[in-house]
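Residue-level structure breakdown
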Amino acid sequence: MAALYGALFLSAFLAATVVPVSSEAVLAGLIVSGRGDPWLLLVVATIGNTLGSVVNWVLGRGIDGLRNRRWFPVTGDRYEQACRTFRRFGEWTLLFAWLPVVGDALTLAAGAARVNLGVFVALVATGKAARYAVIVAAGLWATA
């Protein structure tokens, strides 16, 4: 059973970084198949995905030296768009860090803007937990 939670954690962590993994599909599959405790799965996915976003925050702290690297997870245009959005709406944009493509850029922009790590984690985790809660609820509803 620990391997099941470990696999979900790893998929959620990687999904928030440069690796194209769908943690939502993994979580939904576990819920629908009845494997694991749904609420523990929610917590594990949220923690893994939030920690993956912390990696992006750290990259954002040193972004000036990394932006032009081939492996960098966000294009220059998307990063600039995220920076504009981040400057316009501030830290509250981190509630949307779960969004595909834009979310990664927002977490990088937050690191570059030197957002306090505690504030960052609280906002990112809240948004990601809400998204995963919807997936868990839908999976439970589908199997009821």
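Here the structure is a predicted model, which is why all the values come from computation and not from measurement.

Time to look at the overall build of the protein chain. Within the protein chain one finds 6 helices and 0 strands. Along the protein chain, helices (α) and strands (β) appear in the sequence α-α-α-α-α-α when read from the amino end. Taking 2.2 N^0.38 as the reference for a compact globule, 144 residues should give roughly 15 Å; the C-alpha atoms of the protein chain span a radius of gyration of 15 Å, in line with that estimate. When its C-alpha atoms are laid out on the principal axes, the protein chain stretches across 45 × 30 × 25 Å. Out of the 144 residues in the protein chain, the part that is buried amounts to 42%. One finds the centroid of the 12 positive side-chain charges in the protein chain at a distance of 4 Å from the centroid of its 7 negative side-chain charges.

Bringing the packing of aromatic side chains into the picture now. Counted under the stated rule, the structure contains 2 aromatic pairs. Consider the rings of Phe9 and Phe13, whose centres lie 6.4 Å apart with planes at 15°: the pair is stacked. In this pair, Phe9 and Phe13 both sit in helix H1 (residues 2-15), 4 residues apart, roughly one turn of the helix. Note on Phe9: relative accessible area 31%, which makes it partly exposed. Centre to centre, the rings of Trp57 and Phe120 are 6.1 Å apart; their planes meet at 40°, and the pair counts as tilted.

With that settled, the discussion passes to the packing of H1 against helix H2 (residues 23-32). Their axes nearest at 8 Å, the elements H1 and H2 cross at an angle of 155°. Here H2 runs roughly antiparallel to H1, going by the angle between their axes. In the crossing of H1 with H2, the sense of the turn from one axis to the other is left-handed. Along its contact with H1, which presents Leu4, Leu8, Ser11, Ala12 and Ala15, the element H2 presents Ser23, Val26, Leu27 and Leu30. Considering only residue class, the contact of H1 with H2 consists of 7 nonpolar, 2 polar and no charged.

Together, Phe9, Leu40, Val43, Ile47 and Leu51 give the surface a local cluster of nonpolar side chains, amounting to about 390 Å² of exposed area. Considering every element that reaches the nonpolar patch, the biggest residue donor is helix H3 (residues 38-61), with 4 residues. Mapping Ile47 onto the fold places it in helix H3.

Analysis parameters
- Residues numbered from 1 in each chain as written.
- Predicted model: local features only at pLDDT ≥ 70, side-chain atom pairs only at ≥ 80, totals over all residues.
- Heavy atoms only, no water.
- Helix = DSSP H or I, 4+ residues; strand = E, 2+ residues; numbered from the N terminus.
- Rg over C-alpha atoms; globule rule 2.2 N^0.38 Å.
- Buried < 20%, exposed > 50% of the residue type's maximum accessible area, 1.4 Å probe, protein only.
- Lys, Arg positive; Asp, Glu negative; His and termini not counted.
- Charge placed at Lys NZ, Arg CZ, Asp CG, Glu CD.
- Phe/Tyr/Trp six-rings, centres within 6.5 Å; stacked < 30°, edge-to-face > 60°.
- Axes fitted to C-alpha atoms, helices over the stretch in contact; angles between N-to-C directions.
- Parallel < 35°, antiparallel > 145°, perpendicular 65-115°, else oblique.
- Left-handed = near helix turned anticlockwise from the far one by under 90°.
- Contact = heavy atoms within 4.5 Å.
- Nonpolar A, V, L, I, M, F, W, Y, C, P; charged D, E, K, R; others polar.
- Patch = residues over 30% accessible without salt bridge, like charges linked within 9 Å, V, L, I, M, F, W, Y side chains within 5 Å.
- Areas by Shrake-Rupley, 256 points an atom, 1.4 Å probe, with all protein chains shown as cover.
- Salt bridge = Lys/Arg side-chain N within 4 Å of Asp/Glu carboxyl O.

All quantities given are derived from atomic positions and should not be read as evidence of function.
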